[in-house]
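Analysis of the macromolecular model
Okay, here's what each chain looks like letter by letter:
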Amino acid sequence: MDRTNDFEQFLKQLSDLQIGFFNNWVSTAPRMQRFNLLNFRETFDNTMRLQEEVVTSSLEFQALLSRLSIETQKQFWESYFNMFRRS
């Protein structure tokens, strides 16, 4: 695999996650300002939904970093062994 393409894909996925998170946050924030007892349940539901999205995005990001790290290590060791095989 090409490391440049992997890194570009990683950056695109990271950017997409950040955009999604901030879009959700911005759409929830105005509702938080109108907080009162009459719409407590709606505000609570929105807050829980936002927290769930943050956790999900964080876990997806961690998984992406793990895959990238493993792929980098795999490429390193393949190159290492191939170098000695050619010698």
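Okay, so let's go over this structure.

The rules we used
- Residues numbered from 1 in each chain as written.
- Predicted model: local features only at pLDDT ≥ 70, side-chain atom pairs only at ≥ 80, totals over all residues.
- Heavy atoms only, no water.
- Helix = DSSP H or I, 4+ residues; strand = E, 2+ residues; numbered from the N terminus.
- Buried < 20%, exposed > 50% of the residue type's maximum accessible area, 1.4 Å probe, protein only.
- Areas by Shrake-Rupley, 256 points an atom, 1.4 Å probe, with all protein chains shown as cover.
- Expected span 1.5 Å × (residues − 1).
- Salt bridge = Lys/Arg side-chain N within 4 Å of Asp/Glu carboxyl O.
- Patch = residues over 30% accessible without salt bridge, like charges linked within 9 Å, V, L, I, M, F, W, Y side chains within 5 Å.
- Phe/Tyr/Trp six-rings, centres within 6.5 Å; stacked < 30°, edge-to-face > 60°.

Another aspect to go through is the overall build of the chain. Scanning the chain from terminus to terminus reveals 2 helices and 0 strands. For the chain, the residues scored as buried account for 15% of the 87 residues in total. As displayed, the chain has an accessible area near 7200 Å², and 61% of this comes from carbon and sulfur atoms.

If you check helix H2 (residues 40-86), its first and last C-alpha atoms are 68 Å apart, about what 47 residues at 1.5 Å a residue would give, namely 69 Å. Those residues of H2 lying buried are Thr-43, Asn-46, Leu-50, Ser-57, Leu-64, Glu-71 and Gln-75.

A complete count under the given rule lists 1 salt bridge for this structure. Note that Asp-16 and Lys-12 form a salt bridge whose closest N and O atoms lie 2.9 Å from each other. With Asp-16 and Lys-12 both in helix H1 (residues 3-33) and 4 residues apart, this pair spans about one turn of that helix. By relative accessible area, which is 39% here, Asp-16 ends up partly exposed.

Before going further, it helps to spend a moment on a nonpolar patch on the surface. A cluster of nonpolar residues, Phe-76, Trp-77, Tyr-80, Phe-81, Met-83 and Phe-84, forms a patch on the protein surface that exposes about 640 Å² of accessible area. Summarising the element assignment, Phe-84 is placed in helix H2.

This part is about the packing of aromatic side chains. Remark: the centre distance and the inter-plane angle together describe each pair of aromatic rings, the angle taken between the planes. This structure, assessed with the given rule, holds 7 aromatic pairs. Ring plane angle 80 degrees and centroid distance 5.1 Å describe the contact between Tyr-80 and Phe-81, whose orientation is recorded as edge-to-face. Taking the relative accessible area as the measure of exposure, Phe-81 reaches 41% and is therefore partly exposed. The rings of Phe-76, Trp-77, Tyr-80, Phe-81 and Phe-84 are connected pair by pair, giving a single aromatic cluster.

Among the secondary structure elements, Gln-51 is positioned in helix H2. For the pair Gln-51 and Trp-25, spaced 26 residues apart in sequence, the C-alpha separation works out to 9.6 Å.

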